[in-house]
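Structural characterization, general
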Amino acid sequence: MASSARIRHYMHDNGPLILDGGLATELEAQGVKLQGDPLWSARLLHTNPQAIGDAHYRFLLSGADVITTATYQASITGFINHLDVSFERARELLMSGVQVAKDTVERFVSDSPPTGQRCPLVAGSVGPYGAFLHNGSEYTGAYAEAMSIEELKVWHRPQIDCLVAGGADLIAFETIPSIKEAEALVELLREFPNSKAWLSFSCKDGKCISDGSPFTDAVQIATRSTQLVAVGVNCCSPEVVEPLLDSARSLLSPDMTWVVYPNSGEDWDTEQGWLTSAKAPAAVPELSRTWMRQGAALIGGCCRIGPAHIAELRRQLKGSCTSPASAV
Ligand SMILES: [Zn+2]
């Protein structure tokens, strides 16, 4: 079945698709040091792809129907600057993010008993331009004020080209803080007419995305595309999801669904990283049933959400844990 047909089959016939959690979170839980690295988890595509594959595998075991590649902070320019590799090698590295995920899905399917088999999808992650800048602007979108839509398209084009060439089932435009960048991505997606994608925004509160624009404006941008299967929010606090979706409920077109994958709700400090808090990641699985009732068909977790939380999320939404192979 073609990937777009599989996406629709999952969303309409089988209840919500379960996304994975924070890939970097899981890598750090296994002892990998990423904090402060301008390439973040994407560096491991060069130095330790096995660790990425193993993290993907743990999310698949926990019940994820979709895994997202380690390319959020990856770019041709970033690889050339920070790894001192050629343009061609940088392209190969980006495409290898898709290959590692696809190989892991293949391993997972062949390891699973036939009765419990799922065929998970691979989403190619595209982060905001601010993630490359590595100066905190990915959480404000401030850089976009001084850029044109055309400049943003020029930036994103090579990364999307590699993820599509690598065979990603769909593209995950994620943690997008800015309306202008969303417009650029929606225009750019038309250059890849056979590709599907979701468009997910970072948000500052229950009404607005990170650049201060109303979430309703963000959703309206998404409805211009027939290639987007979903629009929504990620890496926000779980508490803001319900009011955000509610604010834009009348705008969603029948061919589109919500995608929701918040972080744990703990606070991020640019110096210290995630500040551990007593209000734990349990909120994502607990609140997920509300998001499903609001129409979300793609639900998962972002930073600080690990495989055990995804297993609990699946239990909340599907009633059972996972395939029989699950051991999380
Ligand atoms: Zn996140």
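Up top you'll find the structure we're talking about.
Described in the following lines is the structure provided in the data block. (Residues numbered from 1 in each chain as written. Predicted model: local features only at pLDDT ≥ 70, side-chain atom pairs only at ≥ 80, totals over all residues.)

On to helix α13 (residues 307–318). Note that an α-helix has 3.6 residues per turn; residues three or four places apart therefore point the same way. The terminal C-alpha atoms of α13, which comprises 12 residues, lie 16 Å apart, in line with the 16 Å expected from a rise of 1.5 Å per residue. Every buried residue of α13 is accounted for by P307, H309, I310, A311, E312, L313 and R314. On its buried face, α13 sits against β1 (17–18), α2 (23–29), α4 (49–61), α12 (283–293) and β10 (296–299). Directly after α13, the chain includes G319, whose backbone phi takes a positive value near 85 degrees. (Helix = DSSP H or I, 4+ residues; strand = E, 2+ residues; numbered from the N terminus. Expected span 1.5 Å × (residues − 1). Buried ≥ 20, exposed ≤ 12 C-beta atoms within 10 Å, placed from the backbone. Contact = placed C-beta atoms within 7 Å.)

Among soluble globular proteins, nonpolar side chains are generally buried collectively. In this structure, I171, W198, L199, A230 and V231 are the most contacted members of the largest nonpolar core, which totals 100 residues. Here this core takes 9 residues from helix α6 (residues 87–111), the largest share from any one element. Those residues in contact with L199 that lie beyond four places of it in its chain are F173, I176, A182, L185, A222, L228 and V231. (Core = buried A, V, L, I, M, F, W, Y, C linked by C-beta atoms within 7 Å.)

This part is about the packing of α4 against α6. Interaxial distance between α4 and α6 falls to 9 Å at its minimum, and their mutual angle equals 45 degrees. Taken together, the axes of α4 and α6 lie oblique to each other. Note that α4 runs across α6; the crossing there is right-handed. Contact residues: P49, I52, G53, H56, Y57 and L60 in α4; S96, V100, A101, D103, T104, R107 and F108 in α6. Tallied by class, residues from the contact of α4 with α6 come to 7 nonpolar, 4 polar and 2 charged. (Axes fitted to C-alpha atoms, helices over the stretch in contact; angles between N-to-C directions. Parallel < 35°, antiparallel > 145°, perpendicular 65-115°, else oblique. Left-handed = near helix turned anticlockwise from the far one by under 90°. Nonpolar A, V, L, I, M, F, W, Y, C, P; charged D, E, K, R; others polar.)

Moving on: unusual backbone geometry. Both trends apply: most residues other than glycine have a negative phi, and most peptide bonds are in trans. Located in the positive-phi region is W40, a residue other than glycine, with phi close to 50 degrees. You can see W40 is positioned in the loop between α2 and α3 (44–47). Classification of W40 by C-beta neighbours within 10 Å gives buried; the count is 21. In this model, R304 sits at a positive phi of 75 degrees, which is unusual for a non-glycine residue.

Looking now at the sheet that holds β1. Strand order in the open sheet formed by 8 strands is β1-β10-β7-β6-β5-β4-β3-β2, and the pairing between neighbours is parallel. Both outer strands of the open sheet, β1 and β2 (66–68), are each paired with one neighbouring strand and no more. In terms of strand pairing, β2 meets strand β3 (residues 121–126) through 3 bridges, oriented parallel. Each residue of the ladder has a partner; that of T68, found in β3, is A123. The sheet strands contacting helix α8 (residues 149–165) are β3 and β4 (170–176), and the helix crosses β3 at an angle near 165 degrees. (Pairing = 2+ DSSP bridges.)

Another point: the environment of V66. Following the sequence through the fold, V66 ends up in strand β2. The spacing of V66 and D169 is 103 residues in sequence and 9.5 Å in space, taken between C-alpha atoms. Here V66 is in contact with L17, L19, D20, P120, L121 and A123, once residues within four sequence places are set aside.

This part covers the packing of helix α9 (residues 179–189) against helix α10 (residues 215–222). α10 packs onto α9 with a crossing angle of 10 degrees between their chain directions and a minimal axis gap of 9 Å. Here α10 runs roughly parallel to α9, going by the angle between their axes. Contacts between α9 and α10 involve I179, A182, E183 and V186 from the former and D217, A218, I221 and A222 from the latter. Of the residues that constitute the contact of α9 with α10, the class distribution is 6 nonpolar, no polar and 2 charged.

Once that is clear, we can look at the pairing of β3. In terms of residue burial, β3 counts as a mostly covered element, since 6 of its 6 residues are buried. Residue alternation in β3 divides its side chains into two sets, L121, A123 and S125 and V122, G124 and V126, and both sets are buried. In the sheet, β3 pairs with β4 via 4 bridges, with the strands oriented parallel. Each bridged residue has a counterpart across the sheet, and for S125 the counterpart in β4 is A172.

On the secondary structure map, G124 appears in strand β3. When the C-alpha atoms of G124 and Q159 are compared, they prove to be 9.6 Å apart, with 35 residues separating the residues in sequence. Setting aside chain neighbours within four positions, we find G124 in contact with T69, T71, V98, L163, G166, A168, I171 and A172.

Here the focus is α6. With 25 residues, α6 should reach 36 Å at 1.5 Å per residue; the first-to-last C-alpha distance of 36 Å fits that figure. The largest bend in α6 is about 30 degrees, located at S96. (Bend = angle between axes of the 7 residues up to and from the residue.)

Let us look at the pairing of strand β5 (residues 197–201). Buried residues dominate β5, accounting for 5 of its 5 residues. Across the two faces of β5 the burial is the same, with A197, L199 and F201 and W198 and S200 all buried. Of the pairings in the sheet, the one linking β4 to β5 comprises 4 bridges and is parallel in character. Bridging from a neighbouring strand, I171 pairs with A197 of β5. Looking at chain direction, β5 and strand β6 (residues 228–234) are connected through 5 bridges and run parallel.

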